[in-house]
Amino acid sequence: MSKEIVIALISLGGVALSVIISFLTSLRLTRTELEKLRSEIKKTYADQLLSKRLETYPSLYYLTSIFSKKYNMVLLITQTWRNYVLS
């Protein structure tokens, strides 16, 4: 082989290696940025979900409290009725 061909092949190898390294680096950076974006989206979603829950919980507590009081009243009446009938 002539000297020019060897120099050209070495140069081609250097350029190919540079392209491969550049591609792998950009691929890694893209994955990192994508993970950051996903993490930020999850955090935003969790924050919004928490704020909606905190807005809704007082009314849900009120409704479940009413339900619980009525359920306990029904149990009390039922037990009283059974005691009365069985006595």
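What counts and what doesn't
Residues numbered from 1 in each chain as written. Predicted model: local features only at pLDDT ≥ 70, side-chain atom pairs only at ≥ 80, totals over all residues. Heavy atoms only, no water. Helix = DSSP H or I, 4+ residues; strand = E, 2+ residues; numbered from the N terminus. Rg over C-alpha atoms; globule rule 2.2 N^0.38 Å. Buried < 20%, exposed > 50% of the residue type's maximum accessible area, 1.4 Å probe, protein only. Areas by Shrake-Rupley, 256 points an atom, 1.4 Å probe, with all protein chains shown as cover. Salt bridge = Lys/Arg side-chain N within 4 Å of Asp/Glu carboxyl O. Patch = residues over 30% accessible without salt bridge, like charges linked within 9 Å, V, L, I, M, F, W, Y side chains within 5 Å.

## Looking at the overall build of the protein
1) Next: Scanning the protein from N- to C-terminus turns up one helix and zero strands.
2) Next: Taking 12 Å as the expected radius of gyration for a compact globule of 87 residues, we find that the protein reaches 36 Å, considerably beyond that expectation.
3) Next: Oriented by its inertia axes, the alpha-carbon framework of the protein measures out at about 115 × 30 × 5 Å.
4) Next: Among the 87 residues that make up the protein, the fraction classed as buried is 0%.
5) Next: As displayed, the protein has an accessible area near 8500 Å², and 69% of this comes from carbon and sulfur atoms.

## Quick word on the pattern of salt bridges
1) Next: Applying the stated criterion across every chain, the model contains four salt bridges.
2) Next: The closest approach of N and O atoms between Glu35 and Arg38, which form a salt bridge, is 3.4 Å. Of this pair, Glu35 and Arg38 both sit in helix α1 (residues 3-86), three residues apart, which is roughly one turn of that helix.
3) Next: Take Glu35: its relative accessible area is 48%, and that puts it in the partly exposed class.
4) Next: Owing to a relative accessible area of 44%, Arg38 belongs among the partly exposed residues under this scheme.

## Remarks on a nonpolar patch on the surface
1) Next: A contiguous nonpolar patch, built from Met1, Ile5, Val6, Leu9, Ile10 and Leu12 and spanning about 650 Å² of accessible area, is present on the exposed surface.
2) Next: Among the secondary structure elements, Leu12 is positioned in helix α1.

## Focus: the environment of Met73
1) Next: With respect to the helices and strands, Met73 occurs in helix α1.
2) Next: Taking relative accessible area as the criterion, Met73 reaches 46% and is therefore assigned partly exposed.
3) Next: The spacing of Met73 and Thr30 is 43 residues in sequence and 62 Å in space, taken between C-alpha atoms.

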